[in-house]
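# Observations on the three-dimensional arrangement
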Amino acid sequence: MNSIEFSKNKLAVGFKGIACDLDQSVTDMAYARAAQNFAFDRGVLTGELGIDAGRGFYLAPFTERHAYPAIPTGKALKKLFLYRYKTDEGKFDDRLVGHLDDGTFVYTSVFKNDVWHAIDGLCIVGDVCAVNYNFNGKDTLLISCDNDYLYYLKGSYVTVCTKAPKFSSLAIHNERVFGSVNGNQVWFSDEFNPSEWNVASDKAGFITFSDDGGEVLKVVSFLNYLYIFREYGIFRLTAYGEQSEFVLKKVFTDTGRIVKTSIELCGDKIVFYADDGLFVFDGYDVKRAARKMPEVKSGDFISGAYLDDCYYIACKTGGEEKQDTLIRYRFKDDSFAVLQGVAILHLIAVRVHNGSQLLCVMGGDVNDTLGEISKSGCVLGTPTQKHYESPENTLFTTSLKIVRCVYVQTKSDITLTVKLDGRAFKYDVSGGDGVKTVRVERAGRTVGFEIDCSEAEANITPLTVSYDKLKM
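Attention in this report is confined to the structure presented alongside it. Counting of residues starts from 1 at the beginning of each chain's written sequence and follows it residue by residue. Local features in a predicted model are, by the rule used here, given only for residues with pLDDT of at least 70; side-chain atom pairs are given and counted only at 80 or more, and totals for whole chains, interfaces and linings are based on all residues. No hydrogens and no water enter the side-chain calculation; it runs on all heavy atoms of the structure.

Note on aromatic pairs: the rings of Phe, Tyr and Trp (six-membered ring only in Trp) are paired at centre separations within 6.5 Å, and the planes decide the class, stacked below 30 degrees, edge-to-face beyond 60, tilted for the rest. This model, assessed by the stated rule, comprises 17 aromatic pairs. A centroid spacing of 5.2 Å and a plane angle of 75 degrees characterise the contact between Tyr329 and Phe331, whose relative ring orientation is edge-to-face. With relative accessibility at 15%, the residue Phe331 sits in the buried group. Among the aromatic residues, those joined into a ring-pair cluster are Phe222, Tyr225, Tyr227, Phe229, Phe272, Phe279 and Phe281. Each ring is checked for a lysine NZ or an arginine CZ that lies within 6 Å of its centre and within 35 degrees of its normal; such an atom marks a charge sitting over the ring. Cation over ring: Lys166 sits above Tyr149, and NZ or CZ is 5.3 Å from the ring centre. Across the ring face of Phe331, the terminal group of Lys269 is positioned such that the distance to the ring centre comes to 4.5 Å. Categorising residues by exposure relies on relative accessible area from a 1.4 Å probe, with only protein chains included: less than 20% of the type maximum marks a residue as buried, more than 50% marks it as exposed, and the intermediate range marks it as partly exposed.

Structure representation (structure tokens):
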């Protein structure tokens, strides 16, 4: 009788990130095929992705934080803006300005326990944009919409400029207000005067686009230039001093349709989502980012924001016609994490004098709460159900494998699933210190692994798998 020869092997199942766009039959076991509600941190699988109830700050030197008030009963937030405001006495009094679903506006303080205050004289039905501007020594929030006028919020008082165009986006650049108008124009105010919109060589003016680059989506002041994002391209405007010196140049036209609500200034770059993926723009060149990210089903449900070297998009990856996913992309290691089952209508980074945070306007049954992106592993106090899937493949050989055991180090209770030729074998592993040995002693030609965790704080190091391989 002939003996069957086996070779002893070890396999590392690592946690470098997700590679969901690659064929799992050739994907390295260091990458996940899919992962929901887990995060990846220096090779460790963690639960450091969640949403807590939003909390404001107090002015320095106080380090405590206070809860933001609940949304007014019977109302729902559509969008949120940070109003950088300093009182006449020179005291910081930054505020959150909320646009409600009935068109009205409210505000609350960032730096003290407060309520939502109604803003009289301001009601806009539509997609609102806003930008901060110091106008005649007064901190002012400029607010507009493509079907309404330009409003000036100074403290809690509102004035309106009926001579201004109706803007779909706003930016401040070299002491002028710039904004997109009518889908194919960019208007700019007189220098130092956002109330002067009479067109003249020494006052206001506009640029009209008549080519096939699509609608003007957004204007962004970046690296001493004004960048004009259109549906199918990016233009750079050099705009110093007299408008006769302005120079317009096309700098990029090579993606699918750009999604307006994804365009976000991220430190020394601008990130945006287009039909064919996520892109990073440095002012001159565009590079694709996160080639392995999940497929976003519709650009109509995207909100982008940036904080602490991470770009976030709230989006839709499932089949329903609503937001259901938060994706965090981290620049330093080109990795991302996915929080699923959350309806986020709008994201906004809030950077103030005593802290920074990423706030989210929640939808669904929790639309009375202002959320804050956190590392809690929970959504508003409830631990998320965390799930990880490795690739399932032959380990590059069709030989039979006998998985002897899996070595696991985890601080939380988990369920480990070993998949062999499509059959699933589940093992409960208790959290704690030290390495646990899971004995499997089962055979198959294709091998894969899954991890499930229902605790808030997960911390799992890469798996080590001991297996024998039949020698051919």
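Attention shifts here to the pairing of strand β28 (residues 303-307). Going along the chain from the N terminus, every DSSP run of H or I of four or more residues is numbered as a helix, and every run of E of two or more is numbered as a strand. The element β28 is largely enclosed, with a buried count of five among its five residues. Judged by which residues are buried, β28 turns out to be covered on both faces: Ser303, Ala305 and Leu307 on one side and Gly304 and Tyr306 on the other are all buried. Pairs of strands are assigned from DSSP output, requiring at least two bridges between the strands. As paired elements, β28 and strand β29 (residues 310-315) share five bridges and run antiparallel to each other. If you follow Ser303 over to β29, its bridge partner there is Ala314. Counting the residues between successive antiparallel strands, the hairpin from β28 to β29 contains two residues, one of them, Asp308, with a positive phi of roughly 55 degrees.

A word on the sheet that holds strand β2 (residues 34-36). With respect to topology, five strands assemble into an open sheet ordered β2-β37-β42-β39-β40, the strand pairing being antiparallel. Either end of the sheet is taken by a strand with one partner, and the two such strands are β2 and β40 (423-429). Direction aside, the axes of adjacent strands within the sheet are offset by 15 degrees on average. In terms of strand pairing, strand β39 (residues 414-420) meets β40 through seven bridges, oriented antiparallel. For Leu420, the partnering residue across the bridge sits in β40 and is Arg423. Simply put, an axis is a line fit to the C-alpha atoms, just over the touching stretch for a helix, and the angle between two N-to-C directions goes from 0 to 180 degrees.

Spatially, β1-β44-β38-β41 is the arrangement adopted by the four strands of the open sheet, whose pairing is antiparallel. Since the sheet does not close on itself, it has two edges, and those belong to β1 (6-13) and β41 (436-444), each with one partner. The average undirected angle you get between the axes of adjacent strands in this sheet is 20 degrees. As paired strands, strand β38 (residues 401-408) and strand β44 (residues 463-470) are joined by six bridges and run antiparallel to one another. Among the inter-strand pairings, Val406 is bridged to a residue of β44, identified as Val465.

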